[in-house]
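Chain by chain, the residues run as shown.
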Amino acid sequence: MCGIAGFVGNGSSEDLRRMTRQLIHRGPDAEGYLEDPSQGIHLGHRRLSILDLEGGAQPMSTADKTLHIVFNGEIYNHPELRRELEAVGCVFQTDHSDTEVLLHGYRVWGEGLAERLNGMWAFVIWDATKKRLFASRDRFGKKPFYWFYREGTFGFASELKALLAHPSAPRSISETARRKLFAYALVPAPHSMIEGISKLPGGCHLTLEAGCEPKVHRYWKFQIEPEERGLSEDDLASELRELLDHAVQRRLVADVPLGIFLSGGIDSSAVAALAARHAGTEKLRTFSVGFRETTFDESAYAAQVAKMLGTAHHCEILDLPAARNLLPGLLASVDEPQGDNSLLPTWLLCGFTRKHVTVALGGDGGDELFAGYDTFRGLAMAETYSRLVPGPIHAGIRALIAKLPVSHNNLSIDFKLKRGMRGASHPAKIWNPVWLGALEASEIADFLGGPTNTEELYSEAITAWDECESRNLIDRTLEFYTKIYLQDGILAKVDRASMLHSLEARSPFLDIDVANFARKLPHRYKLQSGTTKHLLKRALRGLLPDEIIDRKKKGFGSPVGAWLKEGLLTPKSQDPFVQARTQSHREGRSDERLFLWCQLALEAWEESLLSPSSSQ
C-alpha cells in the first residue's frame, strides 16, 4: 500500500516533492521520484512495503525505460498473471513484485489490463514513447485517485492535500459537493470538495494524450444480472463458501505481519474463520476493540469467535469519552469530510492493530453485496406506505413520529423509525440517499440557500436507480449501496482510517469472483422472509456458531449523539440554521446527530485543508 502523486505539464521538482511528502503516512518506508522535464512528466511515490521488500521500489520502469509506473494497492492474482506474461516472452527483473506485472501487462494487454486484475489499485503508467498517460482505479474504488486538469497541466494524487501542494491546483470549495455532503453524508464521485478537482470513479480509466484534455471511460460497473442456474440452495451456498475461502486465501499473502479485524459480526467472523484454515502452524492474529458503552460494544462476540477459532486475539477496551478529545485532529486529517461517525472507532481499531501487524483483513462489502442492512427489510413497508398513504398526510404522520422520545443508543428504534418515515415521504428513487443523508433537499435550501434542484442533488442515486436493469426494489437498493455508499462512504472511511496509521486493509468480500457471484444471485437468496444475507448465512453454517450467524446486527458506531446533547461536541458555526439544530438536539426535541457531525467534519476539513500551511 502506498501513496502516489505527480503531474504532466508545469511544475518543478520541489512541487513534486512537496506533493509526495504530504502522503508520508501512506508510505513511511521509502520515497521515490521519476522526472523527465523534456516531456513534462513528474512521478512521485511513498511506499509501505508489503510484497517483494527488496525489489518493489517505485517509480518502476521497464528495462528499456519506455514505460514507468507509480502504483497504490495490491494485485492478488499477480502470480498467475506473471506466469501468463512469461509464457508470451516477458522477462521480469523482480522476484515477485505485483507492480512489475502491471508494467508488462500494460505492454501486452493495453487498456484491457484492468479487466484481468483481481485486487485493489490506483495506478498511473507513463508511456514515454507515445507521450501518453494511462491511469486506472479498481472496480469498487477501494484505493483513492484525485486529479485536476488546468491550463495545460494535469495533476493527480492519492489525496486532496497532496494535489493542493501543486501551484496550479484549484482551491475553491465546490458548492455542489457541499450540498451533496449534506444530502448523502458523503461526497459521491466524481465530485470532490474542491471545484475543479475530480475523483476518478471506481471501475474507470483515464487517458491523457499529448495536446489533448483527459478522457475518462468506464471499463466495469457493478450491475445486478440475476441468473437462474438450476442449482439447489445447498449447492449455491457451497459455491459461495468456496469462493470466499479462495478470496481470503489470496489476501493472506504478504511479506510482513498480517492479522484480521474481528468485530464478532458475521462478515468479519467469516473472514477470520476461513483465514484460520490457511494460517498453518503460526497462530492467526485477530484484533478488536471494545467500549464501556454497552450499546456500542461487541467485544464479547469477537472474543467468543476468537476462542472457537483458537486465534491469538488482541482486544483493547477504549475509553470513548477520552478518545473524543482526539476528534478535531482526526476530522482534520481524513482529507474529505463524511458523515459516518464510526470513523472514530475504526481509526482507533486501526491504530491498535498497527502496533502488531502491517496488513489486516476485514469484512467490508458483505452488507452491500448480500443485503445486510436493516434498510432492506424496510423496503416492502416503504413501498406499501408510499402507495397507500396520500402525500398530504405524510407530513402529519412524520410530525407525530417526531414526538417520540429521542434515544442516543446505537441504532435505536426511534432513530430507525424516524429515518424510515422520512425516506418513504419521497419518490422511491431517492429513498436511499434520504434515509442516509444529513438533510433533505428543502432543508439544504434553507441552510445553504436555494433553490435546490432535487434531480441534480440526488443525480447519482437517481442514475443508479434508473440504470438498474432489474425493476426489483432490493436489486435497485443493492446497486445504490454498492456503487455509491460502499465506494465513497465505507471504503473511503476505512482507507483513510487505516492509512493514517500506515496499515493496509484488505477486503475479501470485494474479490471479483465473489462480487460476480453476488451480481448474478437472485435477490430472494439475499433477503428471504425478513432474513438478511440469507444465502451467506447458510454458507457459513457449521463454520461459525449459530448465535453469531443469527444475532442482531449491531453496527460499529460511537456515542456522538450523546456527546452533542451534553455539549461535549459543538460546531463552531454561528449560522442560525446550525445554532437552531444544535439547540434542538441539546434539548432533546430532535435527533440532529448526523447533520451536526457533518457540520463538524466540514468545519475541521475547511480549517485544516484550506489553511495557508496545509500545502507547505
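Each residue is numbered by its place in its chain's sequence as written, counting from 1. Totals for whole chains, interfaces and linings use every residue, but because this is a predicted model, local features are given only for residues with pLDDT of at least 70 and side-chain atom pairs only at 80 or more, for both listing and counting. Calculation of side-chain values draws on the structure's entire complement of heavy atoms; hydrogens and water are dropped beforehand.

### Some details on the environment of His-104
Then step 1. Looking at where His-104 falls in the secondary structure, it is placed in helix α3 (residues 98-109).
Then step 2. Expressed as a C-alpha distance, the spacing of His-104 and Ser-288, which sit 184 residues apart in the sequence, is 40 Å.
Then step 3. Those residues within four positions of His-104 in sequence are excluded, and the remaining contacts are Leu-85, Cys-90, Val-91 and Phe-92. Secondary structure follows DSSP: runs of H or I at least 4 residues long count as helices, runs of E at least 2 residues long count as strands, and numbering of each begins at the N terminus. Residue contacts follow a heavy-atom distance rule, with two residues in contact if any of their heavy atoms lie within 4.5 Å.

### A few points about helix α6 (residues 233-250)
Then step 1. An expected span of 1.5 Å times one less than the residue number is assigned to each helix. With 18 residues, α6 should cover 26 Å at 1.5 Å per step; its first-to-last C-alpha distance of 26 Å lies within 8% of that length.
Then step 2. Those residues of α6 hidden inside the fold are in contact with α7 (266-276), β16 (359-361), α12 (366-370), α21 (512-520) and α22 (534-540).

### Concerning the environment of Ala-135
Then step 1. Locating Ala-135 in the fold gives a position in strand β7 (residues 132-137).
Then step 2. Separated by 24 residues in the primary sequence, Ala-135 and Glu-111 have C-alpha atoms spaced 9.5 Å apart.
Then step 3. Residues contacting Ala-135, with those up to four places away along its chain left out, are Phe-123, Val-124, Phe-145, Cys-204, His-205 and Leu-206.

### Points about the sheet that holds strand β14 (residues 285-291)
Then step 1. Pairing between strands requires that DSSP locate at least two bridges from one strand to the other. With parallel pairing, the five strands of this open sheet are ordered in space as β15-β14-β13-β16-β17. The sheet is open, and its two borders are formed by β15 (312-318) and β17 (504-506), each paired with just one other strand. Sheet twist, expressed as the average angle between the axes of neighbouring strands with direction ignored, equals 30 degrees.
Then step 2. By the bridge criterion, two bridges tie strand β13 (residues 258-261) to β14 in an arrangement that is parallel. Considered in β14, the bridge of Phe-261 is made with Phe-287. Throughout, an axis means a line fitted to C-alpha atoms (over the contacting stretch in the case of helices), and angles, computed between N-to-C directions, take values from 0 to 180 degrees.

### Observations concerning the environment of Gly-372
Then step 1. With respect to the helices and strands, Gly-372 occurs in the loop between α12 and α13 (374-388).
Then step 2. Placed 138 residues apart in sequence, Gly-372 and Asp-234 show a C-alpha to C-alpha distance of 20 Å.
Then step 3. If we skip the residues at most four places from it in the chain, Gly-372 touches Asp-367, Thr-532, Lys-533 and Lys-553.

### Digging into the pairing of strand β8 (residues 146-150)
Then step 1. Alignment of β8 against strand β10 (residues 198-199), held across two bridges, turns out to be antiparallel. Looking across to β10, one finds that Tyr-146 is bridged to Lys-199.
Then step 2. Strand direction decides the pairing type here: β8 and strand β9 (residues 153-157), joined by five bridges, are antiparallel. Counted as the bridge partner of Tyr-149 is Phe-154 from β9.
Then step 3. Counting the residues in the hairpin turn of β8 and β9 gives two residues, including Glu-151, whose phi is positive at 50 degrees.

### Notes on helix α25 (residues 576-586)
Working note: α-helix, 3.6 residues per turn, so residues spaced by three or four point in the same direction.
Then step 1. The cut-offs for exposure are 20% and 50% of the maximum accessible area for each residue type, with area from a 1.4 Å probe on protein chains only; residues under the lower value are buried, those over the upper are exposed, and the others partly exposed. All of the buried residues along α25 are Phe-577, Val-578, Arg-581, Thr-582, Ser-584 and His-585. Down the axis of α25, the buried set is contained in an arc of 165 degrees. They therefore lie on one face.
Then step 2. At the N-terminal boundary of α25, the capping side chain belongs to Asp-575, with an oxygen 2.8 Å from the backbone nitrogen of Phe-577.
Then step 3. Positioned one or two residues after α25, Gly-588 has a phi angle of 75 degrees, which is positive. Our arc is simply the arc of the directions from the helix axis toward the C-beta atoms. Any N or O atom pair separated by 3.5 Å or less is treated as a polar contact, with the protein-specific requirement of one donor-capable and one acceptor-capable atom, and with residues adjacent in sequence counted only for side-chain atom pairs.

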